[in-house]
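# Summary of the model geometry
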Protein chains: 2
Amino acid sequence: MYDVSAPDKSKLSQLLSGIPYFRGQGPAVVAALAACAIPRTFEVDAIIFWEDQPATGLFLVEEGTVKISRISKEGREHIMHLISAGDTFNDVAALDGGMNPATATACTAVKVWEIPREDLRRLAEQYPQLAWALVESIARRARHLVGLVQGLALRNVRGRLAHLLLSEAQNLDSDRVPRMLTQEEMAARVGTVREVVGRALRNLANDGIIEFDRHRIVILDPDRLAAAAEV
Amino acid sequence: MYDVSAPDKSKLSQLLSGIPYFRGQGPAVVAALAACAIPRTFEVDAIIFWEDQPATGLFLVEEGTVKISRISKEGREHIMHLISAGDTFNDVAALDGGMNPATATACTAVKVWEIPREDLRRLAEQYPQLAWALVESIARRARHLVGLVQGLALRNVRGRLAHLLLSEAQNLDSDRVPRMLTQEEMAARVGTVREVVGRALRNLANDGIIEFDRHRIVILDPDRLAAAAEV
DNA sequence: CCCATACTATGACTTAAGTCTCATCCTCTC
DNA sequence: GAGAGGATGAGACTTAAGTCATAGTATGGG
């Protein structure tokens, strides 16, 4: 048992050191976190946790992609975040101790580490730099949420879609958004339905702002795309 | 100078002790916070800070109401929070060190205390319980934002309005929402325009869920109002 | 008491978004 | 290379939301 988990834990230390907010924490903190982290794996489409259930801890993604979303009573899904390796999720519930505000689903096979809330709290009180790192981390998450709120309240579908395309393109440091994004997925991310996304895309293409290269979207005019995304 | 500020500072300590997240911090922490807090006053409609400006610190309201909002390029305002005495604002920017994500305006004459980011950070690293209190505070703020996002993405105007009425009524522990809320204000809070709010209210009234008593809104059927607010 | 002002009511109309439906087109497997 | 299944394109239609215009109604100050 110990022999099996030992290599995992060292991998975790490495992972933790590579994460922005745990970088600069020093080996003691990393080791302490690694000591209480629980490894978990999920297969594609597995539910990691449901909304409105008590939070168990903070999750850290080692491998794979996790979707944080919520489904309306009419069955429409809204994707709030897509979390990839090296990032955390369920910060909110793990840190305020309330219920999970959304559902987490494995988009791919996923390996995560879970740090129980109580351990996190204990370590935060023991290592002040860790506490501050958590503060900055959750503050950044809140900032992202503010952006979402403003997008939904002040932008129309075209604007939100333009914003999504820009941020996806930025993620790849390229003007080519890979078509991992189906229209269905884009719809869930901007809070609308597939057909409307299709229309908005054709619209942007008619305006010469983007074009389709087979089934990839190519950004022709980043400036006008950014203008379309302005609040 | 010292004589003038002394009573203010003691008032601040009292205020700080009364705030949920600073309660249980012990007098040393409260005194330390009070020592670096800067008092500021604003008259009605004064801008406390603008969005996209560098954050100066965390604000704590002693008296009055502060509006946190953003205006679209077409001139539509969206109110994200209304902050009243005993609560903090600009947590996000103060804690992550980025730009202010929204504009803060004094809705009434306002007295606030500002705790500079660097002082906050120093004290947080010195007093671990303070750091954890900040973590929980910003996590709660993030939770509120998640609620806003989900409301905007998954509820229609009627649903968001129902939600607003319920939370306003709850704030007063009563089923009577005082008409401090104009339709214009409700519109800004649910992210729409005045006429649409008016229609939605008449709609709820036709359905027997609310009624108008002069210019107050009376909730007749909290259950059906809650059903209308469901995501 | 009257008027100015701010808020509300309401209808007519436009536009954006959502729904329904079906054709088409990849791409992967057999 | 045929067919199945997922993804897209697109038209027709419905509905929610937003805009415009205008009239009514509080209400507080002079």
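In this text the structure is predicted, and so the values were computed from the model without any measurement. (Residues numbered from 1 in each chain as written. Chains lettered and ligands numbered in written order. Predicted model: local features only at pLDDT ≥ 70, side-chain atom pairs only at ≥ 80, totals over all residues. Heavy atoms only, no water.)

Time to look at the interface of chain A and chain B. If you look at the interface, chain A gives 42 residues, while chain B gives 42 residues. For chain A, the biggest contributors to the area lost against chain B are W132, R143 and L154 of chain A; these three give 18% of the whole. Applying the counting criterion to the chain A and chain B interface returns six salt bridges. Between R143 of chain A and D96 of chain B there is a salt bridge whose closest N-O contact spans 2.6 Å. Across the chain A-chain B interface, the total number found is 14 residue pairs in polar contact (both at pLDDT 80 or more). (Contact = heavy atoms within 4.5 Å. Buried area = accessible area lost by both parts, 1.4 Å probe. Salt bridge = Lys/Arg side-chain N within 4 Å of Asp/Glu carboxyl O. Polar contact = N/O pair within 3.5 Å; in protein donor to acceptor, adjacent residues only side chain to side chain.)

This part takes up the protein's contact with DNA strand D. Around DNA strand D, 17 residues are found, and the nearest of them are Q183 and R202 of chain A together with T192, R199 and R214 of chain B. Taking all atoms of DNA strand D within 4 Å of the protein, the share assigned to sugar and phosphate is 52%. Between DNA strand D and Q183 of chain A there is a distance of 2.7 Å, counted from a phosphate oxygen to a side-chain nitrogen or oxygen. R199 of chain A is positioned with one of its side-chain polar atoms (N or O) 3.3 Å from a base nitrogen of DNA strand D. Contributing elements (two or more residues each) for the surface near DNA strand D: α8 (194-206) of chain A together with α8 (194-206) of chain B. For the surface near DNA strand D, the leading source of residues is α8 of chain A, giving four residues. (Near = heavy atom within 4 Å. Helix = DSSP H or I, 4+ residues; strand = E, 2+ residues; numbered from the N terminus.)

Right, let's talk about the domain arrangement of chain A for a bit. The parts lose accessible area when they come together, and the size of an interface is often stated as this lost area. All names here are of chain A. Entries for chain A in the domain assignment read domain 1 (6-143) and domain 2 (155-229). Contacts between the two partners involve five residues from domain 1 and, on the opposite side, six residues from domain 2. Counting the surface lost from both domain 1 and domain 2, the interface buries some 500 Å², and carbon and sulfur atoms represent 58% of this. Among the residues domain 1 hides against domain 2, the three largest losses belong to R76, I79 and L82. Together they make up 72% of the total. Counting across the interface, domain 1 meets domain 2 through zero salt bridges. The tally of links from domain 1 across to domain 2 stands at two residue pairs in polar contact (both at pLDDT 80 or more). Partitioned by chemical class, the residues of the side of domain 1 that touches domain 2 number two nonpolar, one polar and two charged. (Domains from an automatic or database assignment. Nonpolar A, V, L, I, M, F, W, Y, C, P; charged D, E, K, R; others polar.)

Let us now look at the relation of the copies chain A and chain B. Screw-axis analysis of chain A against chain B gives a translation of 0.0 Å along the axis, an RMSD of 0.0 Å, and a rotation angle of 180°. What we have between these two chains is a two-fold relation. When the interface residues of chain A are mapped onto chain B, 100% of them are again interface residues, pointing to one common binding face. (Least-squares fit on C-alpha atoms with pLDDT ≥ 70 in both.)

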